Amino acid sequence: LAAISQQGRIAAVVCSAVIARWVAVMACAVFSYARQDGLGAAFIGHGNWRHVSATAVLSAAIVFPLTSHPAALLLVTAAAGLGIAFIANRSFRGITGDVLGAVIEISETAALLVFSIRP
């Protein structure tokens with residue numbers, strides 16, 4: 001956050017949180033749950049493309065007015081978060097709630113990195 005301009009920090013924090021949750025919804029729609037039970041079972045594997053589309057529209061409505069580089073932000077963030085989910089899916093034959101949390105954290109970090117590079 002220190003590398004992001006003072007006036008861009010609020011936008012960076014808001015955008016990174018919003019986009020990371022959109023990536024989590026995508027992960028829930030694409031990957032299955034790795035275990036039989038657990039807290040993530042209610043979400044993972046139950047998402048569908050209507051959920052992804054709805055959250056994409058909502059995310060875009062929030063992110064596009066706040067940044068001058070929404071395409072780079074969306075692509076880098078989605079690639080980072082879904083990349084983690086893909087690796088976990090190959091390792092565990094699915095993802096878990098902990099993996100979903102990691103997807104969110106990695107996605108937020110990737111978004112903040114984009115903001116630090118492109119103010």
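The structure this text deals with has already been given above.
Please read all numbers here as calculations on a predicted model, not as lab measurements.

When helices and strands are counted, the chain shows 4 helices and 0 strands. Its helices and strands taken in sequence order, the chain reads α-α-α-α from the N to the C terminus. In terms of overall size, the chain behaves like a compact globule, its C-alpha atoms giving a radius of gyration of 14 Å where 119 residues would be expected to give roughly 14 Å. Dimensions of the chain, computed from the C-alpha atoms along their principal axes, are close to 45 × 25 × 20 Å. The burial tally for the chain puts 39% of its 119 residues in the buried class. Long-range contacts, defined as pairs at least 24 residues apart, comprise 73% of the intrachain contacts of the chain with a sequence gap of at least 6. With the model as given, the accessible surface of the chain reaches about 6,700 Å², and the carbon-plus-sulfur share is 66%. Charge centroids of the chain, computed over 7 positive and 4 negative side chains, lie 10 Å from each other.

Moving on, we come to the nonpolar core. For soluble globular proteins, nonpolar side chains are generally found buried alongside one another. W22, V23, L73, I95, L100 and F115 are the most contacted members of the largest nonpolar core, which totals 31 residues. Among the elements of the structure, α1 (9-30), α2 (49-63), α3 (70-92) and α4 (97-117) are those that each provide at least two residues to this core. Not counting residues up to four positions away in its chain, the partners in contact with L100 are A24, A27, C28, I44 and I95.

Along the chain, the position of I87 falls in helix α3. Residue classification places I87 among the exposed residues on the basis of a relative accessible area of 54%. C-alpha of I87 to C-alpha of H51: the two residues are 36 residues apart in sequence and 23 Å apart in space.

Looking now at α2. Compared with the 21 Å implied by 1.5 Å per residue over 15 residues, the 20 Å span of α2 between its first and last C-alpha is a close match. Those residues of α2 lying buried are V52, S59 and V63. Taken down its axis, α2 places every buried residue within 35° of arc, on the same side. Across α2 from its buried face, at more than 90 degrees, point the exposed residues R50, V57, L58 and A61. Those residues of α2 hidden inside the fold are in contact with α1 and α3.

Another aspect to go through is the pattern of salt bridges. Under the definition given, this model contains 1 salt bridge. Linking R21 and E108 is a salt bridge whose minimum nitrogen-to-oxygen distance equals 2.3 Å. Linking R21 in helix α1 with E108 in helix α4, this pair joins segments that are 87 residues apart in sequence. Judged by relative accessible area, E108 falls into the buried class, the value being 15%.

A pair of packed helices can be characterised by two numbers: the angle between their axes and the separation between those axes. α4 packs onto α3 with a crossing angle of 150° between their chain directions and a minimal axis gap of 8 Å. By the angle class used here, α3 and α4 are roughly antiparallel. The handedness of the crossing between α3 and α4 comes out as right-handed. From α3, A72, L73, V76, T77, A80, G81, I84, A85, A88 and F92 reach across to α4, where they touch V99, A102, V103, I106, S107, A110, A111, V114 and F115. Residues that form the contact of α3 with α4 fall into these classes: 16 nonpolar, 3 polar and no charged.

Procedures and definitions
- Residues numbered from 1 in each chain as written.
- Predicted model: local features only at pLDDT ≥ 70, side-chain atom pairs only at ≥ 80, totals over all residues.
- Heavy atoms only, no water.
- Helix = DSSP H or I, 4+ residues; strand = E, 2+ residues; numbered from the N terminus.
- Rg over C-alpha atoms; globule rule 2.2 N^0.38 Å.
- Buried < 20%, exposed > 50% of the residue type's maximum accessible area, 1.4 Å probe, protein only.
- Contact = heavy atoms within 4.5 Å.
- Areas by Shrake-Rupley, 256 points an atom, 1.4 Å probe, with all protein chains shown as cover.
- Lys, Arg positive; Asp, Glu negative; His and termini not counted.
- Charge placed at Lys NZ, Arg CZ, Asp CG, Glu CD.
- Core = buried A, V, L, I, M, F, W, Y, C linked by side-chain atoms within 4.5 Å.
- Expected span 1.5 Å × (residues − 1).
- Arc of directions from axis to C-beta.
- Salt bridge = Lys/Arg side-chain N within 4 Å of Asp/Glu carboxyl O.
- Axes fitted to C-alpha atoms, helices over the stretch in contact; angles between N-to-C directions.
- Parallel < 35°, antiparallel > 145°, perpendicular 65-115°, else oblique.
- Left-handed = near helix turned anticlockwise from the far one by under 90°.
- Nonpolar A, V, L, I, M, F, W, Y, C, P; charged D, E, K, R; others polar.

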